[in-house]
Amino acid sequence: MSEERLYLFTRFERFWHWSQAALIITLMFTGFAVHGSHSLISFQKAVEVHEIAAWLLIGLWVFAIFWHFTTGQWKHYVPSSWGQLPAIARYYAWGMMLGESHPYKVTVERKHNPMQRLAYLAVKLVINPLLWVSGLVYLFWGSLRGTLPVTLEQVATLHTLGAFMMLCFFIVHVYLASAGHTPTAHIKSMITGYEDKH
Ligand code: HEM
């Protein structure tokens, strides 16, 4: 079997990925404490940490959006190769359990398979903006009250909906991150930047 190393993830992309992961986990943990789903930390502490992490995440996203457009990396998220989707879905459903090889061949120019492209695009265009906008409206409700055609309960419901969507993405993402040719292959490549191609 021939093996080749591909440099897939630049230093900024790796920094962005792991700091975003840490902030999202912090926001899920504190957000669900504010929501009343657990009481592992106090409500007051959860509110304080949630607000700090939210501002850090917003700052990170501003840099990440700039990076995507200036480096042309946004092209990796444009849906393509729709025809391969059934084969990829079949592989994730049971093919990988049978030891089959991945139907999609990664290259530096096409580093995400069609299913990843759709999932990441949905995060970038639906889940993130929903959390971001509803979170900011929630945060500035004191000044915005009466200027928008929504109630605070509706804003909180939309924000919680975004949080559950992010939680679903997170669970599937972590599961599929362990589905490389070894359980840690994809995780290592997001640390070192290099992926071993088989
Ligand atoms: C991106 C920027 C975000 C902003 C500006 C933001 C802002 C807020 C605000 C102001 C609250 C009300 C409590 C408080 O003052 O802390 C809140 C609650 C909450 N946040 Fe966020 N948040 C953001 C991201 C997230 C993320 C990424 C998640 C989880 C994936 C999340 C999950 C939650 C949950 C579950 C609640 C409780 C909602 C409720 O029951 O009322 N938030 N957020």
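Calculation criteria
- Residues numbered from 1 in each chain as written.
- Predicted model: local features only at pLDDT ≥ 70, side-chain atom pairs only at ≥ 80, totals over all residues.
- Heavy atoms only, no water.
- Donors = N, O, S within 2.8 Å, 3.2 Å for Na, K, Ca; no water.
- Tetrahedral: all angles 85-135°; square planar, octahedral: opposite > 155°, others 65-115°.
- Helix = DSSP H or I, 4+ residues; strand = E, 2+ residues; numbered from the N terminus.
- Buried < 20%, exposed > 50% of the residue type's maximum accessible area, 1.4 Å probe, protein only.
- Polar contact = N/O pair within 3.5 Å; in protein donor to acceptor, adjacent residues only side chain to side chain.
- Contact = heavy atoms within 4.5 Å.
- Near = heavy atom within 4 Å.
- Nonpolar A, V, L, I, M, F, W, Y, C, P; charged D, E, K, R; others polar.
- Phe/Tyr/Trp six-rings, centres within 6.5 Å; stacked < 30°, edge-to-face > 60°.
- Lys NZ or Arg CZ within 6 Å of the ring centre and 35° of its normal.
- Expected span 1.5 Å × (residues − 1).

*Asks:* Help me understand the coordination of the iron atom of the ligand, please; the structure alone is not making it clear to me.
*Replies:* Reference values for angles at a metal are 109.5 degrees in the four-donor tetrahedral case and 90 or 180 degrees in the six-donor octahedral case. Protein coordination of the iron atom of the ligand is provided by His50 (NE2) and His159 (NE2), with donor distances spanning 2.0 to 2.1 Å. Geometry at the iron atom of the ligand is octahedral, judged from its 6 donor atoms and the angles of 86 to 180 degrees they form at the metal. Separated by 109 residues along the polypeptide, histidine 50 in helix α2 (residues 43–71) and histidine 159 in helix α6 (residues 152–177) bring together distant segments of the chain. We classify histidine 50 as buried; its relative accessible area is 19%.

*Asks:* Can you help me understand the side chain of glutamine 20 in this one?
*Replies:* Locating glutamine 20 in the fold gives a position in helix α1 (residues 11–35). Here tryptophan 61 takes part through its side chain, which lies 2.6 Å from a polar atom of the side chain of glutamine 20. Residues contacting glutamine 20, with those up to four places away along its chain left out, are Leu57, Leu60, Trp61 and Asn128.

*Asks:* Before we go on, may I ask you to explain the site of the ligand in this structure?
*Replies:* Around the ligand, the surrounding shell holds 21 residues, and the nearest of these are His35, His50, Glu51, Tyr138 and His159. Contact between the ligand and glutamate 51: an oxygen atom at 3.1 Å from a side-chain N or O atom of the residue. Between the ligand and the protein, one listed contact pairs a nitrogen atom with a side-chain N or O atom of histidine 159 at 2.8 Å. Taken together, the elements giving at least two residues each to the shell around the ligand come down to α1, α2, α4 (114–139) and α6. Of the residues forming the shell around the ligand, the biggest block, 6 residues, is contributed by α1. Among the residues forming the shell around the ligand, the class breakdown is 14 nonpolar, 6 polar and 1 charged.

*Asks:* Mind showing me how you'd approach the packing of aromatic side chains here?
*Replies:* We describe a pair of aromatic rings using the distance from one ring centre to the other and the angle between the two ring planes. Applying the stated criterion across every chain, the model contains 10 aromatic pairs. Ring centres of tryptophan 16 and tryptophan 67 lie 5.9 Å apart, and the angle between their planes is 40 degrees; this geometry places the pair in the tilted category. Residue tryptophan 16 is found in helix α1, and its partner tryptophan 67 is found in helix α2; the two are separated by 51 residues along the sequence. Residue classification places tryptophan 67 among the buried positions, given a relative accessible area of 9%. Centre to centre, the rings of tryptophan 61 and tryptophan 132 are 5.0 Å apart; their planes meet at 45 degrees, and the pair counts as tilted. On the criterion of sequence distance, the pair formed by tryptophan 61 in helix α2 and tryptophan 132 in helix α4 is long-range, its members being 71 residues apart. One cation-aromatic arrangement involves arginine 5 over tyrosine 194; the distance from NZ or CZ to the ring centre is 4.5 Å.

*Asks:* How should I be thinking about α6 in this particular structure?
*Replies:* Given 3.6 residues per turn, any residue in an α-helix points the same way as the ones three and four places further on. Look at α6: 37 Å from first C-alpha to last across 26 residues, which is about the 38 Å you get at 1.5 Å a residue. Every buried residue of α6 is listed here: Val155, Ala156, His159, Thr160, Gly162, Ala163 and Met166. The secondary structure elements touched by the buried residues of α6 are α1, α2, α4 and α5 (141–144).

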